[in-house]
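# An overview of the molecular structure
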Amino acid sequence: NGDLCDVLLYKNNGPSVYNYFSQKSGLLVRSATETDLGEMGKNKVISDFSNYKVVQGLNYPHSIKQDMGMAVMEFEVKEVKWNSNLEDSVFKVE
């Protein structure tokens, strides 16, 4: 896509990550990585970022879609807080 600039990040101990940035806004719009699962083969994960809003002076994506091949998950960010004191109960999964 001519509107995107891609950046390949190599990791010493892990999969490489392809990040795609909008040339117009400079914002990250897609991240893709492929993980080796051994005998199960490789798994490609594509994350799309959109609906950026300014929060405390920083652009933050409020819509995130992750395609993991066999499953697709979509996230909508309701609120962004940095350095806030959170109780452990917030992370409890029911």
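Everything below is about the structure printed above this text.
Note that the coordinates shown come from a computational prediction; the quantities given were computed from them, not determined experimentally.

What counts as what
- Residues numbered from 1 in each chain as written.
- Predicted model: local features only at pLDDT ≥ 70, side-chain atom pairs only at ≥ 80, totals over all residues.
- Heavy atoms only, no water.
- Pairing = 2+ DSSP bridges.
- Helix = DSSP H or I, 4+ residues; strand = E, 2+ residues; numbered from the N terminus.
- Axes fitted to C-alpha atoms, helices over the stretch in contact; angles between N-to-C directions.
- Salt bridge = Lys/Arg side-chain N within 4 Å of Asp/Glu carboxyl O.

### A short note on the sheet that holds strand S1 (residues 4–9)
One key point about sheets: their strands pair by backbone hydrogen bonds, in either a parallel or an antiparallel sense. With respect to topology, six strands assemble into an open sheet ordered S1-S2-S3-S4-S5-S6, the strand pairing being antiparallel. One side of each edge strand has no neighbouring strand; the edge strands of this open sheet are S1 and strand S6 (72–76). In this sheet, adjacent strand axes meet at a mean angle of 20° when their direction is disregarded.

### Notes on the pattern of salt bridges
Under the criterion given, the structure shown has two salt bridges. Salt-bridge contacts for Asp48 lead to Arg30; the nearest nitrogen and oxygen are separated by 2.6 Å. Taken together, the residues Asp48 in strand S4 (residues 42–55) and Arg30 in strand S3 (residues 28–36) connect sequence positions 18 residues apart.

### Observations concerning the pairing of strand S5 (residues 58–67)
Consecutive residues of a regular strand have side chains that alternate between opposite faces of the sheet. As paired elements, S4 and S5 share nine bridges and run antiparallel to each other. By the bridge assignment for S5, Phe49 is matched with Ile64. The turn joining S4 and S5, which pair antiparallel and follow one another in sequence, is formed by two residues; a positive phi near 50° is taken by Gln56. By the bridge criterion, five bridges tie S5 to S6 in an arrangement that is antiparallel. Across the sheet, the residue bridging to Gln66 is Met73, located in S6. Linking two consecutive strands that pair antiparallel, namely S5 and S6, is a turn of four residues; a positive phi of about 90° is found at Gly69 within it.

Everything listed here is a matter of geometry and, on its own, says nothing about what the molecule does.
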